[in-house]
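Architecture and fold: a report
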Amino acid sequence: MAIDPISSELAQQKSVAELWEALATSPQGLSGEEAANRLAQFGPNALEEKKVSPLLKFLGYFWGPIPWMIEVAALLSAAVRHWDDFTIIMILLIFNAIVGFWQEYKAANALEALKKQLALKARVLRDGKWQEIAAERLVPGDVIRLRLGDIIPGDVKLVEGDFLSVDQSALTGESLPVSKKAGDIAYSGSVAKQGEMVALVTGTGTNTFFGRTAKLVQAAGSVSHFQKAVLHIGDFLIYLSLGLVTVLILVQLQRGSHLLTLIQFALILTVASIPVALPAVLSVTMAVGALALSKMKAIVTRLESIEEMAGIDILCSDKTGTLTLNQLTLGEPVTFEAKDPQELILWGSLASKEEDRDPIDLAVLAGLEDKPALAGYSQTQFMPFDPVGKRTESTVQDAQHHTLKATKGAPQVIMDICRLDAATAAKAQKVVDDFAAKGYRTLGVARAENTGPWQFLGILPLFDPPREDSKETIADARQHGVQVKMVTGDNVAIAREISQHLGLGTNIKSASQLLKDCDDVCHLRPEEARAVETADGYAEVFPEHKYGIVQGLQSMGHIVGMTGDGVNDAPAIKQADVGIAVSGATDAARAAADLVLTAPGLSVIVRAVEEARRIFERMNSYAIYRIVETIRIMFFVVLAMVFFNFYPITAIMIILLALFNDAPIMAIAFDNTLADPEPVKWDMRRVLTISTVLGLIGVAETFLILIIAKNYLHFGISEIQSFIFLKLAVAGHLTLFVARTPRMFLRRPWPAPVLLWSAIVTKILATLFVVYPFGLITPISWEAVGIIWGYCLAWIFIEDLAKCAVLRHLDLSGPRHKTFLRMLKTCVQPFYSLREYSMNHLRGQQAGPPRR
């Protein structure tokens, strides 16, 4: 049946009973059929996103500084009646628009697919059964369950439960969480910090407090260090190009060149030299990488975080579920005031709630042999576990209607509320320590009669075995230059046992001792930061300690990854260079994270780091190649015109070069690359040095072939232009193969098929064009084509040797001395190995065969 929408203000004024009636629902929830009808009436539970028309997006590629320059060049071509130039310039303009639009479309689709995987879920009562559905399918009148860590999916009226502590600072500006009780309103978008309650949905989508007051904005996101660096490179190349073009115009004007023709050529040369494809290449490379990571069960929520992920050198990993299986098994209980182990387990079960599917609760319930015994009790109140109180508590009534309480939680907490005498407390502590030495986690269990004192019933041991692949994965992480540090809320003894078993070390520190003055904000002294850095892991960790651990490691110059799963982990996840929400994390933790895991285990993170380094290398390759090509084309063309007083290539050839270069450049996003064995950071000095050396070599080799064509082959100007055009086209993509790897270019990894074949096909097309040009340019002979190909293939080896020499020099003179050994072996491995072998024998040492 159709109902009227109810505002949050009206819902606040109405009682729960009035809302049941107004929304035509009941505590048993809606039927599936009625929910479908209301979804059709109210629409999805989401804010309407303004989407730009695809046509307007496409037309946007004809508007902006770069398109304007191309369009002016086209108009000038028409003005001087160079119709061939005009046609090809228009083809370049349309081609750039199509490529840019298509790549943006693919990147947007990739991100949309990732967003769908992270869609919020809601626990809803429909057709009399609790079920989990996508939050966007909620409708007014639904009955939902809210608990610790949930992002509240709509405006709701709280109807059942003790309390719910809600953080609504993002909506109302209140700095502290607000405690809510039955009858109160909770707003869409706020976060449940403590407690658990049942609620009635009163508003969804745009008909919520958040929906009416918030404006949907596209998150601009922070620009990563890599993007800043490459954008600075782009600005530098633009200024360099404009400076050289200005020199060219002044020189040619003094020589009496035609003004319109000169301006047309200068515009085309500038467009061809500046990084037009920069945004498309960056977005596609990162989007393709993000899709690859999603297939590894690691979903990137912020594309720019890929760079930080590639640079991680310390990973703080949760123990439970990441290093261990998170499949708790109940051990042999130790009784104190319980008459037998099964009575102890029964009261532990009464302090649990099966429908919450909490792993500890399920392990305790699984250990109860007499399941029907639970039917003799009815649970009237339940206080779920929270990271601060560290226990659960329930109020129950037995068959005689006596009110009783049951609680279970951290043994120290339960022992404190039971006020044990010194002897009993010491005995209990010894039991806990003995279990901890074996790697067991323990729970204290107590009961009370109504308001009477608590009775300490005993201790339940639980064991969460390490994952089979954890030890191997930790060793693999070390080989990738990533140090893994364990973070756990368990005591030091348990943490040390697990850490030793996994090969992490035994220097486990209590977080409360390391971070003594760490409440909401940690201000670490240098000695405290050093202690955090040297520890192998951290035990007895509270959520606020995680923030201090991250801050301490960052203050020592590390790039830190931090895992988390709870709502209180969000500040640490935000503070970390890469915040990681582990599998099964709360909505709040997932919202704060850069990387969301959908599969358990540490291996997912290590594989994600490795893939991020490959993505970084692809972007690094593009930056080097783009700078090399600008230096090669701009310096050669301008200097050739200054010295020889003729155009070494024509405007139409420059346009064709840009067209031939675009396809292979886009294919960089799919290239096969090496994953650096060490964390990677953006090194501008390294990139600019390599690019400048390769660019100047390119200028020299092009000048040499120009002199050969002019003085020895005795070509005319038009033939020289065709000759130089093919040389620039062939040499450009051969340089790409040099720039894509720090190794000799003929070594593995081979280029991806899409990159290799796109380069081969465009080079074949360029070759056929200069032999059969359809009257657009002067043709050259197959003999001249053979000279160019042979010449370019010879010079590619010279460029490759120069690249290795530059890398060796940089690593000797810079701080990366260890990298020097690796890079030197990479570039001249056979010579290095033989020299090492010979030197060892000359020293009279027993050396083995040359190292690989």
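Here's a quick rundown of the structure.

Conventions used here
Within each chain, residues carry numbers counting from 1 in the order of the written sequence. Owing to the predicted nature of the model, reporting of local features is limited to residues with pLDDT of at least 70; listing and counting of side-chain atom pairs is limited to 80 or more, with chain, interface and lining totals taken over all residues. Note that water and hydrogens are dropped before the side-chain values are worked out from all heavy atoms of the structure. Whether a set of points on the 1 Å grid over the protein atoms alone is a cavity depends on a 1.4 Å probe fitting there but being unable to get out, while an open set qualifies as a pocket with protein on both sides within 12 Å along at least five of seven lines; lining residues are those with an atom within 4 Å of a point. Grid points are joined across faces, edges and corners, and a volume is the space filled by probe spheres set on the points. Only DSSP runs of H or I covering at least 4 residues are called helices, and only runs of E covering at least 2 are called strands; the numbering of each starts at the N terminus. When residue character is reported, Ala, Val, Leu, Ile, Met, Phe, Trp, Tyr, Cys and Pro are called nonpolar, Asp, Glu, Lys and Arg charged, and the others, Gly included, polar. By nonpolar core is meant a set of buried Ala, Val, Leu, Ile, Met, Phe, Trp, Tyr and Cys residues that side-chain atoms within 4.5 Å join together. Type-normalised accessible area, obtained with a 1.4 Å probe on protein chains alone, sets the label of each residue: buried when under 20%, exposed when over 50%, and partly exposed for intermediate values. Working rule for contacts: check all heavy atoms of both residues, and any pair within 4.5 Å makes them a contact. It is the directions from the helix axis to the C-beta atoms that the arc portrays. Any N or O atom pair separated by 3.5 Å or less is treated as a polar contact, with the protein-specific requirement of one donor-capable and one acceptor-capable atom, and with residues adjacent in sequence counted only for side-chain atom pairs. The criterion for strand pairing is that DSSP finds at least two bridges linking the strands in question. Axes, fitted as lines to C-alpha atoms, cover a helix only where it is in contact. Angles between the N-to-C directions of the axes lie from 0 to 180 degrees.

Scanning the model with the defined rule gives six cavities of 30 Å³ or more in all. Quantified by volume, the largest cavity comes out at close to 80 Å³. Around the largest cavity, the lining residues are Lys319, Thr320, Leu328, Gly439, Tyr440, Arg441, Leu462, Phe463, Asp464, Asp490, Ile494 and Ile498. When contributions to the lining of the largest cavity are tallied by element, the ones reaching two or more residues are α13 (319-323), β17 (455-463) and α19 (492-502). Within the lining of the largest cavity, the residues separate by chemical class into six nonpolar, two polar and four charged.

All right, on to the nonpolar core then. Of all hydrophobic cores here, the largest spans 130 residues; its most connected members are Leu269, Met309, Ile649 and Phe725. If you tally residues by element for this core, the top one is helix α25 (residues 603-644), at 23 residues. In this structure leucine 269 touches Val245, Leu248, Ile633, Met634, Val637, Val638 and Ile654, once residues within four positions along its chain are discounted. Membership of the second largest hydrophobic core comes to 21 residues, among which are Ile345, Val364, Leu368 and Leu443.

Looking only at helix α21 (residues 526-534), the buried set comprises Glu528, Ala529 and Val532. All buried residues of α21 fall inside an arc of 100 degrees around its axis, so they share one side. Exposed positions of α21 whose direction lies more than 90 degrees from the buried face are Pro526 and Thr534.

Attention now moves to the side chain of lysine 408. Within the secondary structure, lysine 408 is located in strand β15 (residues 403-409). Here the side chain of lysine 408 touches aspartate 361 through a polar contact of 2.6 Å, side chain to side chain. If near-sequence neighbours (up to four positions away) are discounted, lysine 408 is found in contact with Gly348, Ala351, Ser352, Ile360, Asp361, Val364, Arg391, Thr392, Ile414, Leu443, Gly444 and Val445.

A sheet is described by the order of its strands in space; here eight strands give the open sequence β9-β23-β22-β21-β10-β18-β20-β19, paired in mixed fashion. Of all strands in the sheet, those with a lone pairing partner are β9 (298-300) and β19 (508-510), marking the two edges. Taking the axes of each pair of neighbouring strands and ignoring which way they run, one obtains an average angle of 20 degrees across the sheet. Here β19 runs beside strand β20 (residues 537-539); their pairing, made up of three bridges, is parallel. Along β20, the bridge assignment pairs serine 510 with alanine 539. Against the sheet, α19 engages β18 (483-487), β19 and β20, with an angle of about 160 degrees to β19. Across the sheet, α25 touches β9, β10 (314-318), β21 (560-564), β22 (578-581) and β23 (595-597), and the angle it forms with β23 is around 140 degrees.

The next subject is the pairing of strand β3 (residues 143-147). For β3, a buried count of four out of five residues is recorded, marking the element as mostly surrounded by other parts of the structure. Here strand β1 (residues 121-126) pairs with β3 via three bridges, running antiparallel. Note on β3: the bridge partner recorded for leucine 125 is valine 143.

Quick look at the side chain of aspartate 671 now. By the secondary structure assignment, aspartate 671 is in the loop between α26 (651-667) and α27 (684-712). With a relative accessible area of 3%, aspartate 671 lands in the buried category. Here the side chain of aspartate 671 touches arginine 740 through a polar contact of 2.7 Å, side chain to side chain. A polar contact of 3.0 Å, which involves the side chain of aspartate 671, links it to the backbone nitrogen of alanine 752. Contact partners of aspartate 671, with chain neighbours within four places excluded, come to Arg618, Arg740, Pro751, Ala752 and Leu755.

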